[in-house]
Amino acid sequence: MKTVGMILLWVVIIFLILVLIAVIHTLTLKAPERKPAKPCARTADELNEMGNRFARLIQVKTISLPDDSDALEPFDQLHLVIDELFPLCTQQLEKTVLHGVLIYRWKGKDSKAMPILLMGHQDVVPADPEGWSQPPFSGNINEGKLWGRGTLDDKCNIFCEMSAVENLLKQGFVPPCDVYLQYSVNEETSGHGAESAVNWFKERNIRFTAVWDEGGAVIDKAMAGMDRPYAVIGITEKGYIDLKITARGAGGHSSAPKSVTAVTRLADFMHEVNHHQPFKREFTSQVSAMFTNMAPSFGFGMRLLLGNLWLFKPLLTIVMPKINAQAGALLGTTCTFTMMKGSDATNVIPTEAYVIANLRTGFTEGVDASVAKLQKIADKYDLSLEILSSREASPVTPQDSSVFKYLQQCIADCYPDCGCSPYVMTGGTDSRHYSCISDNVLKFYPIRITSAQLGSMHNINECIDLTSCSDAIDFYQYFLEHYKSC
């Protein structure tokens with residue numbers, strides 16, 4: 001007994017020593033002094049004029065285009081509006097259209113140097129007007145905001161990038177290397193628009209020093225308890241799976257129900273997956289870098305935990321998914337059941353039923369390993385699995401690259417009141433297709449955004465602050481003006 005007691009005592013002593021080391025280290029973690037935000041560069045009248053111009057893009061109803069569709073009329077209409085809004089871009093840039101996909105080339109001083117690419121997409125998700133405070137395709141300006149589908153996702157990139165280029169063309173500015181712009185038509189449905197553009201670049205042996213697309217943003221409350229807004233730069237995307245889970249069995253009349261049916265087996269399967277999380281959870285190097293970078297901007301408690309992952313990582317791996325779904329999603333594969341089908345009649349027990357699961361695979365387990373985890377559970381309920389579509393996680397953009405560091409410096413110069421951190425994206429963007437022709441794929445909106453606005457993407461009341469749009473135009477312009485070929 002004495003031996004056991006001594007072992008426990010030493011365990012406690014060692015633990016207390018480790019905690020003391022962590023506390024001392026936490027006290028040394030200091031965030032840089034927070035500087036004041038830069039004032040908006042435009043007057044109220046200039047903001048309204050800018051907003052009215054942007055509104056014209058919102059008013060064109062460019063719902064995402066299926067790959068096999070030739071219904072390009074809304075996109076053709078949008079192209080005409082873009083031509084009118086940005087006459088110098090139209091006159092001076094080389095323009096290519098690939099089944100609605102726009103590609104612009106801005107020739108630089110040295111066209112032999114590796115070019116850079118700015119991206120966005122023309123398409124938007126549908127919008128039911130029910131619940132909107134402003135009609136979703138009105139482009140109304142109210143309370144200093146422009147309202148409508150696409151104001152954030154993602155016509156803001158088109159408008160802000162092309163506004164920046166237009167301003168620089170007015171000044172006679174010529175970039176040091178070629179600059180390309182690319183805007184697809186079916187990003188929201190994971191269509192092949194961006195892929196067709198990538199193939200177009202491949203055919204011309206064009207590789208990019210940097211590819212810059214939508215992704216993270218300048219978020220006022222990236223996580224609760226932070227003392228400043230944070231600009232989060234997406235450096236990779238999780239993988240993706242659409243999985244069909246099917247149950248087959250004896251049907252019958254609902255007046256004589258069986259205790260086990262195709263539907264109940266699916267329900268038991270979904271309950272087990274939801275309540276007994278089967279996927280591996282882990283702080284990968286990318287996620288660790290994000291939280292370590294943000295740690296100094298928290299109060300003491302969170303700074304202690306996140307600033308000392310060497311000690312608290314096992315605890316946080318268990319606790320974080322229970323406290324915050326978004327943070328938990330960073331730690332591994334997620335699975336959400338999104339669609340179901342059983343009988344076509346209310347009084348018939350179906351002989352076949354299915355559910356669709358959408359998985360976002362982490363860097364702990366890829367597509368095959370994630371599906372294998374679910375197959376093991378499905379076997380218990382005699383269910384079959386079918387992968388409808390899948391892709392692995394995208395390559396990781398190195399944080400020590402000159403391009404990543406340059407974007408960080410631009411953020412520090414233009415948003416001095418903000419922190420900056422790498423970010424693992426749980427969603428998907430067109431930029432994933434470009435990993436084969438660029439080692440530096442950056443995913444970042446240079447716009448200030450609130451948590452409510454973040455939640456409005458693909459939801460009701462999508463809107464952007466006019467001042468945020470103004471700042472984003474200036475940010476793109478600053479990035480292009482000061483960029484030096486790498």
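Residues numbered from 1 in each chain as written. Predicted model: local features only at pLDDT ≥ 70, side-chain atom pairs only at ≥ 80, totals over all residues. Heavy atoms only, no water.

Caption draft 1: Structural view of the environment of L29. Inspection of the secondary structure puts L29 in the loop between α1 (2–28) and α2 (44–58). Residues L29 and S297, spaced 268 residues apart in sequence, show a C-alpha to C-alpha distance of 8.9 Å. Setting aside anything within four residues of it in sequence, one finds L29 in contact with P296, R303 and G307. (Helix = DSSP H or I, 4+ residues; strand = E, 2+ residues; numbered from the N terminus. Contact = heavy atoms within 4.5 Å.)

Caption draft 2: Spotlight on the pairing of strand β3 (residues 116–121). Counting buried positions along β3 gives six out of six residues, so the element sits mostly inside the fold. Across the two faces of β3 the burial is the same, with I116, L118 and G120 and L117, M119 and H121 all buried. Bridge analysis of β3 against strand β6 (residues 179–184) gives six bridges, and the strand direction is parallel. In the strand pairing of β6, M119 is matched with Q182. (Buried < 20%, exposed > 50% of the residue type's maximum accessible area, 1.4 Å probe, protein only. Pairing = 2+ DSSP bridges.)

Caption draft 3: Spatial organisation of helix α15 (residues 466–482). Under the 1.5 Å per step criterion, the end-to-end length of α15 is 25 Å for 17 residues, consistent within 8% with the ideal 24 Å. Counting buried residues along α15, 12 of its 17 residues qualify, which places the element largely inside the surrounding structure. Listing the buried residues of α15 in full gives L466, S468, C469, S470, D471, A472, I473, F475, Y476, Q477, F479 and L480. (Expected span 1.5 Å × (residues − 1).)

Caption draft 4: Structural context of the packing of α2 against helix α5 (residues 155–170). The geometry of α2 relative to α5 is characterised by a closest axis approach of 10 Å and an angle of 135 degrees between their N-to-C directions. In terms of axis orientation, α2 runs oblique to α5. Crossing angle aside, the handedness with which α2 passes α5 is right-handed. Mapping the contact onto sequence places M50, R53, F54, L57 and I58 in α2 and K155, C156, I158 and F159 in α5. In the contact of α2 with α5, the residues fall into seven nonpolar, no polar and two charged. (Axes fitted to C-alpha atoms, helices over the stretch in contact; angles between N-to-C directions. Parallel < 35°, antiparallel > 145°, perpendicular 65-115°, else oblique. Left-handed = near helix turned anticlockwise from the far one by under 90°. Nonpolar A, V, L, I, M, F, W, Y, C, P; charged D, E, K, R; others polar.)

Caption draft 5: The pattern of salt bridges, seen in detail. Within the structure shown, the criterion is met by 16 salt bridges. Between E94 and R105 there is a salt bridge; the shortest N-O distance is 3.4 Å. Here E94, found in strand β1 (residues 94–98), pairs with R105, found in strand β2 (residues 101–106); they are 11 residues apart in sequence, far enough to count as distant. E94 sits in the partly exposed class, given a relative accessible area of 40%. Notably, a salt bridge pairs D227 with R228, separated by 2.9 Å at the nearest N-O pair. On the basis of relative accessibility, which here comes to 37%, the residue D227 falls in the partly exposed class. By sharing partners, the salt bridges in this structure join E94, R105 and D178 into a single network. (Salt bridge = Lys/Arg side-chain N within 4 Å of Asp/Glu carboxyl O.)

Caption draft 6: Quick look at the sheet that holds strand β11 (residues 334–341). The strand order β11-β13-β9-β14 describes an open sheet built from four strands, whose pairing is antiparallel. Bordering the open sheet on either side are β11 and β14 (383–391), each of which pairs with just one other strand. On average, each strand axis in the sheet is inclined to that of its neighbour by 20 degrees, with strand direction left out of account. Its contacts with the sheet place helix α12 (residues 367–380) against β9 (240–248), β11, β13 (352–360) and β14, and it is angled at close to 165 degrees to β14.

Caption draft 7: Molecular detail of the side chain of T26. Here T26 lies in helix α1. Judged by its relative accessible area of 0%, T26 falls in the buried class. Within polar-contact distance, the side chain of T26 engages the side chain of N308 at 2.9 Å. (Polar contact = N/O pair within 3.5 Å; in protein donor to acceptor, adjacent residues only side chain to side chain.)

Caption draft 8: Molecular detail of the packing of aromatic side chains. Evaluation of the coordinates by the stated rule reveals 19 aromatic pairs. Between F479 and Y483, the aromatic rings sit 5.9 Å apart at their centres with planes inclined by 20 degrees, giving stacked as the arrangement. Pairwise contacts between aromatic rings join W212, Y406, Y415, F444, F475, Y476, F479 and Y483 into one cluster. In this structure, K244 is placed above the aromatic ring of Y354, and the distance from its NZ or CZ to the ring centre is 4.4 Å. (Phe/Tyr/Trp six-rings, centres within 6.5 Å; stacked < 30°, edge-to-face > 60°. Lys NZ or Arg CZ within 6 Å of the ring centre and 35° of its normal.)

Caption draft 9: Region of interest: unusual backbone geometry. Geometrically, the link from D153 to D154 is a cis peptide bond, its omega value of 10 degrees lying close to zero. For D154, the position within the fold is in the loop between β5 (145–147) and α5. In the Ramachandran plot, S190 falls in the positive-phi region, its phi being about 55 degrees despite a non-glycine side chain. Mapped onto the elements, S190 comes out in the loop between β6 and α6 (193–203). Phi at H458 is positive, roughly 65 degrees, even though this residue is not glycine. Note on placement: H458 falls in the loop between α14 (451–456) and β17 (463–465).

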